[in-house]
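An overview of the molecular structure
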Amino acid sequence: MSDLKNIVIFGSGGWAREVLGIVEMINRQSATWNILGLLDDDPKQHGSVIAGQTVLGGSDWLYEHPGINLVIGIGSSITRKQIAERLMVQFDIVFPIIIHPLAYVGPRVSLGEGSVLHAYSVATVDLQMGRHNLLNVGAMVSHGNRIADYVSIHPHCNVSGDVTLCEGVELGTGTDVIQGANIGSYSIVGAGSVVVKPIEACCVAVGAPAKPIKRLAPPMFAPAAVPLGSELS
Ligand SMILES: CC(C)(COP(=O)(O)OP(=O)(O)OC[C@H]1O[C@@H](n2cnc3c(N)ncnc32)[C@H](O)[C@@H]1OP(=O)(O)O)[C@@H](O)C(=O)NCCC(=O)NCCS
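Conventions we followed
- Residues numbered from 1 in each chain as written.
- Predicted model: local features only at pLDDT ≥ 70, side-chain atom pairs only at ≥ 80, totals over all residues.
- Heavy atoms only, no water.
- Helix = DSSP H or I, 4+ residues; strand = E, 2+ residues; numbered from the N terminus.
- Rg over C-alpha atoms; globule rule 2.2 N^0.38 Å.
- Buried < 20%, exposed > 50% of the residue type's maximum accessible area, 1.4 Å probe, protein only.
- Contact = heavy atoms within 4.5 Å.
- Lys, Arg positive; Asp, Glu negative; His and termini not counted.
- Charge placed at Lys NZ, Arg CZ, Asp CG, Glu CD.
- Patch = residues over 30% accessible without salt bridge, like charges linked within 9 Å, V, L, I, M, F, W, Y side chains within 5 Å.
- Areas by Shrake-Rupley, 256 points an atom, 1.4 Å probe, with all protein chains shown as cover.
- Salt bridge = Lys/Arg side-chain N within 4 Å of Asp/Glu carboxyl O.
- Domains from an automatic or database assignment.
- Buried area = accessible area lost by both parts, 1.4 Å probe.
- Nonpolar A, V, L, I, M, F, W, Y, C, P; charged D, E, K, R; others polar.
- Phe/Tyr/Trp six-rings, centres within 6.5 Å; stacked < 30°, edge-to-face > 60°.
- Expected span 1.5 Å × (residues − 1).
- Arc of directions from axis to C-beta.
- Pairing = 2+ DSSP bridges.
- Near = heavy atom within 4 Å.
- Polar contact = N/O pair within 3.5 Å; in protein donor to acceptor, adjacent residues only side chain to side chain.

**Observations concerning the overall build of the protein**
Scanning the protein from terminus to terminus reveals two helices and 24 strands. Taken over C-alpha atoms, the radius of gyration comes to 18 Å for the protein, in line with the 17 Å a tight globule of 233 residues would show. Dimensions of the protein, computed from the C-alpha atoms along their principal axes, are close to 55 × 35 × 30 Å. Buried positions account for 51% of the 233 residues belonging to the protein. Pairs at least 24 apart in sequence give 32% of the contacts found in the protein among residues at least 6 apart. Between the mean site of the 14 positive side-chain charges and the mean site of the 19 negative ones, the protein shows a separation of 8 Å.

**Quick word on a nonpolar patch on the surface**
On the surface, a cluster of nonpolar side chains totalling about 190 Å² of accessible area is made up of Ile97, Ile99 and Val105. Position of Ile97 among the secondary structure elements: in the loop between β6 (93-94) and β7 (98-99). Take Ile97: its relative accessible area is 35%, and that puts it in the partly exposed class.

**Digging into the domain arrangement of the protein**
We note that the domain assignment places domain 1 (5-96) and domain 2 (99-212) within the protein. If you look at the interface, domain 1 gives 20 residues, while domain 2 gives 23 residues. Both sides of the domain 1 and domain 2 interface together cover about 1,600 Å² of buried area, and 61% of this is carbon and sulfur. Linking domain 1 with domain 2 are one salt bridge. Among the ionic pairs, Lys81 bridges to Glu167, the shortest N-O distance being 2.8 Å. Elements with a minimum of two residues in the side of domain 1 that touches domain 2: α1 (14-29), β5 (68-72) and α2 (77-90). Of the residues contributing to the side of domain 1 that touches domain 2, the split by class is twelve nonpolar, four polar and four charged.

**Here's the deal with the environment of Ala201**
Relative to the helices and strands, Ala201 resides in the loop between β22 (194-195) and β23 (203-206). C-alpha separation for the pair Ala201 and His143, spaced 58 residues apart in sequence, amounts to 23 Å.

**Quick look at the packing of aromatic side chains**
Evaluation of the coordinates by the stated rule reveals one aromatic pair. Taking 4.6 Å as the distance between ring centres and 65° as the angle between the ring planes, the aromatic pair formed by Tyr63 and Phe91 counts as edge-to-face. With a gap of 28 residues between them, Tyr63 in the loop between β4 (53-57) and β5 and Phe91 in the loop between α2 and β6 connect regions that are remote in the sequence. Taking relative accessible area as the criterion, Phe91 reaches 8% and is therefore assigned buried.

**Examining α1**
Between its terminal C-alpha atoms α1 stretches 23 Å, which fits the 22 Å expected from 16 residues at 1.5 Å a residue. Regarding α1, the residues found buried are Trp15, Ala16, Val19, Leu20, Ile22, Val23 and Ile26. Burial along α1 is one-sided: seen end-on, the buried residues are contained in an arc of 155°. With respect to the buried face of α1, the exposed residues turned more than 90 degrees away are Arg28 and Gln29.

**Digging into the pairing of strand β2 (residues 33-39)**
Judged by how many residues are buried, β2 sits mostly within the fold: five of seven residues are covered. In the sheet, strand β1 (residues 5-10) pairs with β2 via six bridges, with the strands oriented parallel. Directly across from Val8, in β2, lies its bridge partner Gly37. Relative to β4, β2 runs parallel, the two being bridged by two bridges. By the bridge assignment for β4, Leu39 is matched with Gly57.

**As for the site of the ligand**
Taken together, His154, Pro155, Gly172, Thr173, Ile188, Gly190, Ala191, Val204, Val206, Ile213 and Lys214 form the complete shell of residues around the ligand. A distance of 2.8 Å separates a nitrogen atom of the ligand from a polar backbone atom of Ala191. Its free accessible area being 900 Å², the ligand has 40% of it covered by the protein chains. Broken down by secondary-structure element, the contributors of at least two residues to the shell around the ligand are β23 and β24 (211-215). In the shell around the ligand, the residues fall into six nonpolar, four polar and one charged.

Structure follows, in structure tokens:
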């Protein structure tokens, strides 16, 4: 009997292909996963073949496959949270942690279920990352970081020590965050920004130094007006 573990990827867009690529590279290094295919709730996608994998169906497919490993191939923090929370309630699923063979995870780094670490991403030492986080290609997080759930850290970001990133934060490509510059829940920092001061929840901030340019409506599920950082214990 094969020791390979069955896995499906939720999503069929560009991000799902990225995640699929990581799972394939893990298998190249050491045969680990039996990739069954992709899932997408858009019926138009069902039966199509994307990057060599068939879209097997939508969420309902999971009723027939209890205990399946599933990784969410969605880049948006809010959408990833909505999907994860819905699937968790409805189905018996395992969310494995997926780490590209070329990622570096140092000592005393804790990673939560469903997190995906891309090639050349680095989690240096002594830091906590919650569930369903995304550490994209070449991104670095470091000592003392407290990273909540559903955080998306896009390519080539650098997060200095002792920074808290609250739930659902998205850091655009190439963002730098200096030490202690915490970011509140569901805020988005524009690509190429430099965060030198704390950023409140639910804003879009851009530039060097990064400044808020827009307020965002808090997602329906977000806790009401919690002070910056208090989501984390
Ligand atoms: C910040 C961001 C979310 C803003 O998107 P938006 O809400 O649609 O905002 P707009 O495009 O309307 O831009 C609003 C203003 O901010 C400026 N702006 C947008 N992004 C900026 C950035 N990254 N740096 C500096 N200024 C930026 C725009 O030029 C515009 O300025 P103006 O009002 O003087 O014309 C988006 O531009 C961005 O950078 N997203 C990150 C994308 C990314 O890295 N994805 C990772 C994929 S792997």
